[in-house]
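# A look at the structure
Below are the chains, spelled out letter by letter.
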Amino acid sequence: MYAQMVKSEATTEDPEKLAAFQARIDAGEKIEPKEWMPEGYRKTLIRQIGQHAHSEIVGQLPEGNWITRAPTLERKAILLAKVQDEAGHGLYLYCAAETLGVSRDELTEALLSGKMKYSSIFNYPTLNWADIGAVGWLVDGAAIMNQVPLQRTSFGPYSRAMIRICKEESFHQRQGYDIMMKMAQGSPEQKAMAQDALNRFWYPSLMMFGPSDKDSVHSAQSMAWKIKINTNDELRQKFVDQTVPQAEYLGLTIPDPELSWNEEKGGYDFSEPDWSEFFEVIKGNGPCNAERMEARQKAWDEGAWFREGLMAHAAKRAARKIAAE
Amino acid sequence: MSGEWPLWEIFIRGQHGLNHRHVGSLHAPDAEMAVKHARDVYTRRNEGVSIWVVPSAAITASSPSEKGPLFEPSNSKVYRHPTFFDIPEDVGKM
Ligand SMILES: [Fe+2]
Ligand SMILES: [Fe+2]
């Protein structure tokens, strides 16, 4: 998922207030920004929504990499629209986080300083056009798995942002699968490219859900607050069960010799990704971490004169208007 | 100084004949840019026929902690609802 390993904050507040708050959540009520909430709830949400927003924004980079090299004008227009949607998702989520008392600039600076993270998946490169298919199919597919239940999250602005995002996501996954179908039905070379993309993106996609958290205290608190709806393992299992038949339809092989149907549990048994690789990527040592952060830093620095210029222009016009009245 | 663009609340009329509805917020340097950004952020799929933008700072909201007393007057007046009155069936539709 887009927010991995979000630590929940311990809360030390009036037990009576906490119980009343929990009762509201249990009754399915939405919590709105100006209402009382435990500090831990606020801080955990800022961290989670912020990380989610950063992922949407950084996630534009691996796909943006292929906009100018899309194989047809139609594919280019589609990819451009998809990447533009991701910018929109980032903006919805930043606004939701800002209702909790953090500013947009603070969030951006926390990303740039490395204090806040984004999803590990965007630290992998998109080497060729088949990767764009694999990203839409697998990465957006995994994101949807996580985002659909979050529409029911207890924090009103987060829930509303997720509802908007989910409406737009299925286009993303379908355009990716459509690319994979074209490639898989193409020449042997094209099919080999599709298989290679699946081979490289399979385990990083499984990592998106984060390591197993069924015994984690943080996770239990977040679930009680309905900030988190399912465990990481539940979501990963659902993702595998949904994706395997889709790969079969393409005539592609999931790169996991241990993959097998388990009749008893009604799902697939599959291999865990290499978690040591995941922790390295989270620490900043993935194949593209440095490149991604450089691109964000450059955009921030080089956009400064523009942001300031428009503010100066707006102030001048407002002053002129007052003078004329 | 903090050069952050101010926050605007965005309202969109989805279809002719409907009210504008709050859809979210965004940052923009001025009203004109706020409308343009709102077009890009909130109407990428034909979601609207009209956009209003309002500086967030200009909105006065009722306080959540006074929800009870504020809305109490309407709570206690059940006779405002038509179902409060029993009208015999013989009278016909009313
Ligand atoms: Fe997205
Ligand atoms: Fe997406």
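So, here's what we can say about the structure. Computed from a predicted structure; not experimentally measured.

To continue, consider the pairing of strand E1 (residues 7–13) of chain B. All names here are of chain B. Burial within E1 is extensive, with five of its seven residues counted as buried. As judged from the seven bridges shared by E1 and strand E2 (residues 20–27), these two strands associate in the antiparallel manner. Across the sheet, the residue bridging to tryptophan 8 is leucine 26, located in E2. Between E1 and E2, which pair antiparallel one after the other, the connecting turn spans six residues, and glycine 17 there sits at a positive phi close to 95°. Bridge count between E1 and strand E3 (residues 50–55): six bridges; the pairing is antiparallel. Residue isoleucine 10 lies in a different strand from E3, and its bridge partner there is valine 53.

To continue, consider the interface of chain B and chain A. Contacts between the two partners involve 21 residues from chain B, matched on the other side by 21 residues from chain A. Interface area, chain B with chain A, both sides summed: about 1800 Å², of which 54% is carbon and sulfur. Where chain B touches chain A, the interface holds six salt bridges. Connecting chain B to chain A are 12 residue pairs in polar contact (both at pLDDT 80 or more). Broken down by secondary-structure element, the contributors of at least two residues to the side of chain B that touches chain A are E2 and helix H1 (31–42) of chain B. The element that contributes the greatest number of residues to the side of chain B that touches chain A is H1 of chain B, accounting for five residues. Residues that form the side of chain B that touches chain A fall into these classes: 10 nonpolar, three polar and eight charged.

What follows deals with the coordination of the iron ion (ligand 1). All names here are of chain A. Those protein atoms acting as donors to the iron ion (ligand 1) are Glu56 (OE), Glu86 (OE), His89 (ND1) and Glu169 (OE), and they sit at 2.1 to 2.5 Å. Classification of the site at the iron ion (ligand 1) rests on its four donor atoms, whose angles at the metal span 81 to 152°, yielding the label irregular. Here the donor residues of the iron ion (ligand 1) are spaced in sequence according to E-x29-E-x2-H-x79-E. A distance of 3.3 Å spans the gap from the iron ion (ligand 1) to the iron ion (ligand 2), which glutamate 86 bridges by coordinating each metal.

Let us look at the packing of helix H2 (residues 39–58) of chain A against helix H7 (residues 156–184) of chain A. Residues and elements named next belong to chain A. At their nearest, the axes of H2 and H7 sit 13 Å apart, and the two run at 25° to each other. Judged by the angle between their axes, H2 and H7 are roughly parallel. The handedness of the crossing between H2 and H7 comes out as left-handed. Only Tyr158, Met162, Ile165 and Glu169 of H7 make contact with H2, whose side of the interface consists of Leu45, Gln48, Ile49, His52 and Glu56.

A few words now on the packing of helix H4 (residues 73–98) of chain A against helix H6 (residues 129–150) of chain A. All names here are of chain A. For the pair H4 and H6, the least separation of the axes is 13 Å and the interaxial angle reads 40°. By the criterion of interaxial angle, the relationship of H4 to H6 is oblique. When the axes of H4 and H6 are compared, the crossing they make is left-handed. On H6, the residues touching Arg75, Leu79, Lys82 and Glu86 of H4 are Trp129, Ile132 and Asp140.

With that settled, consider the nonpolar core. Residue and element names in this part refer to chain A. Among the nonpolar cores identified, the biggest contains 51 residues, and Trp129, Trp137, Val139, Phe201, Trp202 and Phe239 are the most heavily contacted of them. Looking at this core, the elements that each hand over two or more residues are H4, H6, H7, helix H8 (188–207), helix H10 (232–250) and helix H11 (275–285). Considering every element that reaches this core, the biggest residue donor is H6, with 11 residues. Sequence-distant contacts of phenylalanine 239, that is, excluding residues within four places in its chain, are made with Leu138, Gly141, Ala142, Met145, Trp202, Ser205, Leu206 and Phe209. Judged by nonpolar contacts, the second largest core, of 38 residues, contains Ile46, Ile57, Val102 and Met116.

Quick notes on the rules
Residues numbered from 1 in each chain as written. Chains lettered and ligands numbered in written order. Predicted model: local features only at pLDDT ≥ 70, side-chain atom pairs only at ≥ 80, totals over all residues. Heavy atoms only, no water. Buried < 20%, exposed > 50% of the residue type's maximum accessible area, 1.4 Å probe, protein only. Helix = DSSP H or I, 4+ residues; strand = E, 2+ residues; numbered from the N terminus. Pairing = 2+ DSSP bridges. Contact = heavy atoms within 4.5 Å. Buried area = accessible area lost by both parts, 1.4 Å probe. Salt bridge = Lys/Arg side-chain N within 4 Å of Asp/Glu carboxyl O. Polar contact = N/O pair within 3.5 Å; in protein donor to acceptor, adjacent residues only side chain to side chain. Nonpolar A, V, L, I, M, F, W, Y, C, P; charged D, E, K, R; others polar. Donors = N, O, S within 2.8 Å, 3.2 Å for Na, K, Ca; no water. Tetrahedral: all angles 85-135°; square planar, octahedral: opposite > 155°, others 65-115°. Axes fitted to C-alpha atoms, helices over the stretch in contact; angles between N-to-C directions. Parallel < 35°, antiparallel > 145°, perpendicular 65-115°, else oblique. Left-handed = near helix turned anticlockwise from the far one by under 90°. Core = buried A, V, L, I, M, F, W, Y, C linked by side-chain atoms within 4.5 Å.

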